[in-house]
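Below are the chains, spelled out letter by letter.
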Amino acid sequence: MAVQLALSVGSRLAVSARSTAFLNSLKKGFCVASFSHAVCSGFFRRGFSDFSSSSTGRTHVDWKAKGDVAVVQMGDPRAFANSWTVHMQTEMMDVLDEICENDAVQSAVVTSSKPGSFLVGVDVNEIQKCETKEDARLLSQYWQMMMDKFQYSPKPIVAAIDGWCVNGGLEFITACQYRVATKNPMTIFASRETRLGLMPSAGGTVRLTNLVGPYRALDMMLEGYAIRADAAKKIGLVQKVIDTQDSDYLEDVAIDSAREIVDKIIPLIPQRNNLLLKTQDYFYSFPKVRKLMFEHMRQKVMDKETFFNAPIKIIETVKTALEQGPVAGYHAESKNFGLLAKQSDTKALIKLHQDLIAIYEEKLMQDM
């Protein structure tokens, strides 16, 4: 599997001299934990060894077999919500390696132990540790490669979503082969990186566009709209919606879906059965139509009272992916993320975000 992943991403990522260590490790078949250390120790001044975990010592992610299906559960014991932190990433990669090497397991389901929170954004502290634009670009490339591991997993992965699925969480589910969501009022899907002066950075600009089409994807990424499960199914973001807040029932439905994918009852390749999606695909296949759409989106951004560069970079990235293909889209995404991450506006927005989170968490602690 490591070789397959290396071939798939090696052809599209322009890997600089600083990042060849982890790509070479990947090609040799090393586990993700080993090459993640090579990446992060280079430009974070520390590696993943700070959060090393064994199969019996994990604290954020673990799994158990239910027959031939691996049920993976995320749960950060130190936070109110699951975030895509370095610790969470490392343990998730360890778990995925174990599942892929277990011959008794045919598929996997990913769940959350946090009520009202599936998975939210990355830890902005890791972005702040990037000293240069090149550091941030490499970080984005690493996240892209991580999501590729899920997308190209030889064993289908079903995301069982109950609660917030935002930013990094949204990017994660678009890399899974199948998505089941609940009608829980807390279940929302949103891409709000622009509020921090940033943009999706783990392949989300390309994968979200592939799933819901360019107009819907841009609308979500530029405006930060939150959509609920029924709307997500309508636009093609999730395949199945169930009316429950029972986590056990959600897990059972997701397990059944995983088995149906393995048995080829559910096709692994998304089927555009929705007339709206088919019409949209046809409509945006014409270059002139796409040009008008991009001009419209750009004008909407320019008409806003407060202007930041992130929305323009998102439009440029989606346009590159549509006009030149996904390989070019991934390149553009990592490059543009690197540029945005080191801008003064972004630093100020991240600082404001951190201050607000600190105030919110302090209030929650007082109310407990």
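Look up a bit, the structure's there.
Residues numbered from 1 in each chain as written. Predicted model: local features only at pLDDT ≥ 70, side-chain atom pairs only at ≥ 80, totals over all residues. Heavy atoms only, no water.

Enquirer: Where do I start with the packing of helix 9 (residues 214-223) against helix 13 (residues 287-302) in this structure?
Expert: How two helices pack is summed up by the angle between their axes together with the distance between the axes. Where helix 9 contacts helix 13, the axes come no closer than 11 Å and their chain directions differ by 15°. Compared by their axis directions, helix 9 and helix 13 come out roughly parallel. Seen along the crossing, helix 9 lies across helix 13 with a hand that is right-handed. Along the contact surface, helix 9 presents P214, Y215, L218, D219, L222 and E223, while helix 13 presents M293, F294, H296, M297, K300 and V301. A breakdown of the residues in the contact of helix 9 with helix 13 according to their chemical character gives eight nonpolar, one polar and three charged. (Axes fitted to C-alpha atoms, helices over the stretch in contact; angles between N-to-C directions. Helix = DSSP H or I, 4+ residues; strand = E, 2+ residues; numbered from the N terminus. Parallel < 35°, antiparallel > 145°, perpendicular 65-115°, else oblique. Left-handed = near helix turned anticlockwise from the far one by under 90°. Contact = heavy atoms within 4.5 Å. Nonpolar A, V, L, I, M, F, W, Y, C, P; charged D, E, K, R; others polar.)

Enquirer: What is the right way to look at the packing of helix 8 (residues 204-212) against helix 9 in this model?
Expert: Across the interface, helix 8 lies against helix 9 with an axial gap of 7 Å and an inter-helix angle of 130°. Regarding the angle of helix 8 to helix 9, the classification is oblique. Judged by the sense of rotation from one axis to the other, the crossing of helix 8 with helix 9 is right-handed. Counted together, T205, L208, T209 and V212 of helix 8 and P214, R216, A217, M220 and M221 of helix 9 form the full contact between these two elements. Here the contact of helix 8 with helix 9 is built from residues that sort into six nonpolar, two polar and one charged.

Enquirer: Is there a simple way to think about the pattern of salt bridges in this case?
Expert: Side-chain pairs of opposite charge can arise whenever the charged atoms involved come near each other. Going through the model one piece at a time under the given rule, you end up with 15 salt bridges. Taking the shortest distance from any N to any O, the salt bridge between K149 and D97 comes out at 2.9 Å. Residue K149 is located in helix 6 (residues 133-151), and its partner D97 is located in helix 4 (residues 86-101); the two are separated by 52 residues in the primary sequence. By relative accessible area, K149 is classed as buried at 5%. For D97, a relative accessible area of 7% translates into the label buried. Among the ionic pairs, K183 bridges to D230, the shortest N-O distance being 3.7 Å. One end of the pair, K183, is in the loop between strand 7 (178-182) and strand 8 (188-190); the other, D230, is in helix 10 (residues 229-235), with 47 residues separating them in the sequence. Note on K183: relative accessible area 39%, which makes it partly exposed. What you see here is one network of salt bridges that share partners, running through D219, E223, K300 and K304. (Salt bridge = Lys/Arg side-chain N within 4 Å of Asp/Glu carboxyl O. Buried < 20%, exposed > 50% of the residue type's maximum accessible area, 1.4 Å probe, protein only.)

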